[in-house]
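Summary of structural features
These are the residues of each chain, in order.
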Amino acid sequence: MTGDPLQIAYSPCPNDTFVFDALAHGRVPGAPALDVTFADIDLTNGMAERGEHDVLKVSYAVLPYVLDDYALLPCGGALGRGCGPLVLTGGAGGAGAPAAAAAGAADLAGRTVAVPSERSTAYLLFRLWAADMVPGGVGKIVVMPFHEIMPAVRDGKVDAGLVIHEARFTYQNYGLRKLADMGEHWESTTGLPIPLGAIIAKRSLGAAVLTGLADAVRASVRAAWDDPGASRPYVMEHAQEMDPAVADQHIGLYVNEFTADLGEDGYAAVRGLLTRAAAEGLVPPLDPRSLDFP
């Protein structure tokens, strides 16, 4: 594949840099050149809605808003099991803890919860969980950058926080406790993996380019698995959590067989999430055919 570099935006998180290392550095024969922009997923979601960039890593939650212009690639994204977002509260008796936090989800009724985005899979999973588990629903939702959420819960600025990424491994450092795991709820009620981040590309690129891009992404994933050490400099250069052990945990959770190919269960998970979310009025209804890859 030749031509101008594709404008691509993905996060600096270890799973994305691990997946795209070989492709971004020209180590996938015949693949398109990339012009990479690093941006957290709340920013890439907005880029997709504005039609910016040829290829983007976005939340699956944004798909109903962008699939007229973008196609979902069947690879490169993040789905998995045991990797869902968490709802955290202050430690027992600590600042920010709802009264009797250990009693469970009912204590979130009417409480203030910080979330990283309202256009995220994490938020959809949280709202679906709350609809099932929190009588009367939660109270005020406050959107803030995800790296500010745990300090806000610790300092009592909010009653609870919805966290993602490496916060799964570091929240105890803030004296916080896990109230619930959104992924556990999703998996127990659906039996499906958790759809988190998707790779999308502009339909205007044409079917041949899209197919070649998907093949190149798969090859980049395989290259990362075959030689994990090759990606380490790129991963650690951009990792927001610099502990190499945490970066490895992050990659281990979010890069798996669904990254290489969504497969039947992956597509079922995406359809299931967006269908349930639409039924709750959280996203517009989605034409299932819009998920088909050219």
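That block above? That's the structure.
One structure accompanies this document, and this report is about it. If you're wondering where the values come from, they're calculated on a predicted model, not measured in any experiment.

Calculation criteria
Residues numbered from 1 in each chain as written. Predicted model: local features only at pLDDT ≥ 70, side-chain atom pairs only at ≥ 80, totals over all residues. Heavy atoms only, no water. Helix = DSSP H or I, 4+ residues; strand = E, 2+ residues; numbered from the N terminus. Rg over C-alpha atoms; globule rule 2.2 N^0.38 Å. Buried < 20%, exposed > 50% of the residue type's maximum accessible area, 1.4 Å probe, protein only. Contact = heavy atoms within 4.5 Å. Areas by Shrake-Rupley, 256 points an atom, 1.4 Å probe, with all protein chains shown as cover. Lys, Arg positive; Asp, Glu negative; His and termini not counted. Charge placed at Lys NZ, Arg CZ, Asp CG, Glu CD. Polar contact = N/O pair within 3.5 Å; in protein donor to acceptor, adjacent residues only side chain to side chain. Salt bridge = Lys/Arg side-chain N within 4 Å of Asp/Glu carboxyl O.

The helix and strand inventory of the chain stands at 12 helices and 11 strands. In terms of overall size, the chain behaves like a compact globule, its C-alpha atoms giving a radius of gyration of 19 Å where 294 residues would be expected to give roughly 19 Å. When burial is assessed residue by residue, the chain has 55% of its 294 residues classed as buried. The long-range fraction of contacts in the chain, counting pairs at least 24 apart against all pairs at least 6 apart in sequence, stands at 79%. Of the roughly 11,900 Å² of accessible surface on the chain, 50% is carried by carbon and sulfur atoms. The centroid of the 21 positive side-chain charges in the chain is displaced by 4 Å from the centroid of its 35 negative side-chain charges.

The residue N15 is located in helix α1 (residues 14-24) in this model. Take N15: its relative accessible area is 6%, and that puts it in the buried class. In this structure the side chain of N15 is engaged in a polar contact, spanning 2.9 Å, whose partner is the side chain of H250. Residues in contact with N15, not counting those within four places in the same chain, are K57, A78, H250, I251, Y254 and V255.

Next up on the list: the side chain of D54. Examined against the element boundaries, D54 turns out to sit in the loop between α2 (41-50) and β3 (55-59). Buried and unpaired, D54 has K202 as its nearest opposite-charge partner, separated by 4.9 Å. Residues contacting D54, with those up to four places away along its chain left out, are P5, L6, Q7, Y70, I200, A201, K202 and L205.

The quantities given are spatial measurements derived from coordinates; they are silent on function.
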